[in-house]
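Residue strings, one per chain:
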Amino acid sequence: MKIAIIGTGYVGLCTGVGFASKGNNVVCVDIEEEKVNKINSGVPPIYELDLEDMLKDSIKSKNLRATTKSQEAVSASELILICVGTPSDEKGRIDLRYVNQAAQDIGTALKDCDYKVVAVKSTVIPETVESVVIPILEEYSGKKAGDGFGVCMNPEFLREGSALKDVLHPDRTVIGEFDKRSGDVLERLYKNFNAPILRTKIKVAELIKYANNGFLATKISYSNEIGNICKRLGVDVYDVMKGVGMDHRFSPHFFSAGAGWGGSCFPKDVAALIEKAKELNYEPKLLEEVVAINKRQKVRMVEHLEKRVGDVKDKKISVLGLSFKPNTDDIREASSLDIIKSLVEKGANVFAYDPQAMELMKREFPHINYTENVAESLKDADACLIVTEWDEFKKLKNEDFDSMKTRVILEGRKVLNKDDVPEFDGICW
Ligand code: UGA
């Protein structure tokens, strides 16, 4: 199928590369010329596992190319996927400026085209496609949805760090369709993905995405709440949640307690869902508490540290792991931001190390120390906080901590092994 993808962030690019690997003909559109040139020369503008190899393969097989010319890409395609970002505004509501722009560009191109389907993959709050996207497409194309063009909502469930795997092996595909004709086009694309397809209404598909992320965030905050009780009882939350996760009514995934959740999706999506609920005159108390637990959880590491070392002023604190999770350089809403902010305010000397995220973190905290490796960060440290579960940290042995001034080793993620490092102390274990 000929597909145009508008927006080459990690959703757009990974989706495009995934579709190209299945033999589709994909053209990726972005307004940034530099990004487009990189993609065309096989260099991904973001770091994502396997992306570089698969992008190179798709370029070589001529199944994927990138352009800044959206009109041309739309005209050449049967299906147009909107994959632009939907950031939050200052109140936590979603900012639709990129979606609006994409819809205007697509609408203008549709004016002179035969029937095509426009599908929204960007995460948009329920009612957006019907009350914002379709009216813009109709206005700019001069055509009616369902007649001149089709419309679908096709939410994505990709995780950073395993986005390509998630594109190629989804648990399910959700198609929210304006009408049967629109949904049939998407079903044709997804039928060889070997996953169940759920066809539903557009508004339902929009809410599935938010309810999904909201529940995953709730699961983690719940584990963190149980974890805080575990810590006081002297038990390991992982032993507890292992038993809970064996109940067939749950799944064992996303029960890992720790220093709180972050990233570009959960914080933004839960905040937007809360705002939408309020707009609908509903007070979403559970979701608000899920966010509040998370906020407190992030700085619990520092409280824990103070219990162990007292005042942190002028103490050397090694912070290992800055990205919001391993295998990415993304630091958006990372727990490390709150932890470092609190340490800096209290006058600690922070020595941070991360295998990928230091360049981005330097923009947020230019005045803390960044080290070349773990050893340098640990040398003469009064304490060490492990904030992201990179594989590199899992390999640390007891002797790696010998150079510390005092052996205060606190984990915000389950990383170390008691057999290897007997003295570590976990946030919920
Ligand atoms: C999340 C969802 O998992 C994807 O399904 C969704 O498509 C994506 O948001 C999105 O909306 O685009 P992502 O933000 O990439 O994906 O990362 P996750 O792997 O879900 O992790 C999010 C945060 O939760 C991280 O800070 C991670 O450390 C934390 N987490 C995750 C836990 O604290 N415990 C867990 O058990 C799992």
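Residues numbered from 1 in each chain as written. Predicted model: local features only at pLDDT ≥ 70, side-chain atom pairs only at ≥ 80, totals over all residues. Heavy atoms only, no water.

Here we come to the sheet that holds strand β6 (residues 150-153). The strand order β3-β2-β1-β4-β5-β6-β7-β8 describes an open sheet built from eight strands, whose pairing is mixed. The open sheet has two free edges, formed respectively by β3 (64-67) and β8 (197-200), since each of these has just one partner strand. Along the sheet, successive strands turn relative to each other by an average axial angle of 25°, direction set aside. Pairing between strand β5 (residues 117-120) and β6: four bridges, direction parallel. When the sheet's bridge partners are listed, Val117 is paired in β6 with Gly150. Across the sheet, helix α9 (residues 202-233) lies against β6, β7 (173-177) and β8, angled at about 145° from β7, the strand it touches most. (Pairing = 2+ DSSP bridges. Helix = DSSP H or I, 4+ residues; strand = E, 2+ residues; numbered from the N terminus. Axes fitted to C-alpha atoms, helices over the stretch in contact; angles between N-to-C directions. Contact = heavy atoms within 4.5 Å.)

It is worth spelling out the domain arrangement of the protein chain at this point. In terms of domain boundaries, the protein chain breaks down into domain 1 (2-199), domain 2 (210-294) and domain 3 (299-411). Here the C-alpha centroids of domain 1 and domain 2 sit 29 Å apart. Across the contact, 17 residues belong to domain 1 and twelve residues belong to domain 2. For the pair domain 1 and domain 2, the summed buried surface comes to about 1100 Å²; carbon and sulfur atoms form 58% of the total. On the domain 1 side of the contact with domain 2, Gly92, Thr123 and Ile125 bury the most area, a combined 34% of that side's loss. (Domains from an automatic or database assignment. Buried area = accessible area lost by both parts, 1.4 Å probe.)

This paragraph deals with the side chain of Lys268. In this fold, Lys268 is placed in helix α11 (residues 266-279). According to the relative accessible area criterion, Lys268 is buried, its value standing at 17%. Within the structure, the side chain of Lys268 is placed 3.1 Å from the backbone oxygen of Thr86, a separation counted as a polar contact. The residues touching Lys268, leaving out its near neighbours within four places in the chain, are Thr86, Pro87, Ser88, Gly92 and Thr123. (Buried < 20%, exposed > 50% of the residue type's maximum accessible area, 1.4 Å probe, protein only. Polar contact = N/O pair within 3.5 Å; in protein donor to acceptor, adjacent residues only side chain to side chain.)

Time to look at the site of the ligand. Taken together, 21 residues lie near the ligand, and Leu158, Glu160, Lys209, Asn213 and Ser256 sit nearest. Measuring from an oxygen atom of the ligand, one finds a backbone N or O atom of Phe255 at 3.5 Å. The contact in question runs from an oxygen atom of the ligand to an N or O atom on the side chain of Lys325, over 2.8 Å. Taking 720 Å² as the accessible area of the ligand by itself, protein coverage stands at 93%. If you list the elements that add at least two residues to the shell around the ligand, you get α9 and α11. Per element, the largest residue contribution to the shell around the ligand is four residues, and it comes from α9. A class-by-class count of the residues in the shell around the ligand yields eleven nonpolar, three polar and seven charged. In terms of domain composition, the shell around the ligand takes at least three residues from each of domain 1 (2-199) and domain 2 (210-294). (Near = heavy atom within 4 Å. Areas by Shrake-Rupley, 256 points an atom, 1.4 Å probe, with all protein chains shown as cover. Nonpolar A, V, L, I, M, F, W, Y, C, P; charged D, E, K, R; others polar.)

The next point concerns the side chain of Lys209. Note that Lys209 resides in helix α9. In this structure Lys209 comes out as buried when scored by relative accessible area, which is 4%. Apart from residues no more than four positions distant in its own chain, Lys209 is found in contact with Thr123, Pro155, Glu156, Phe157 and Asp269.

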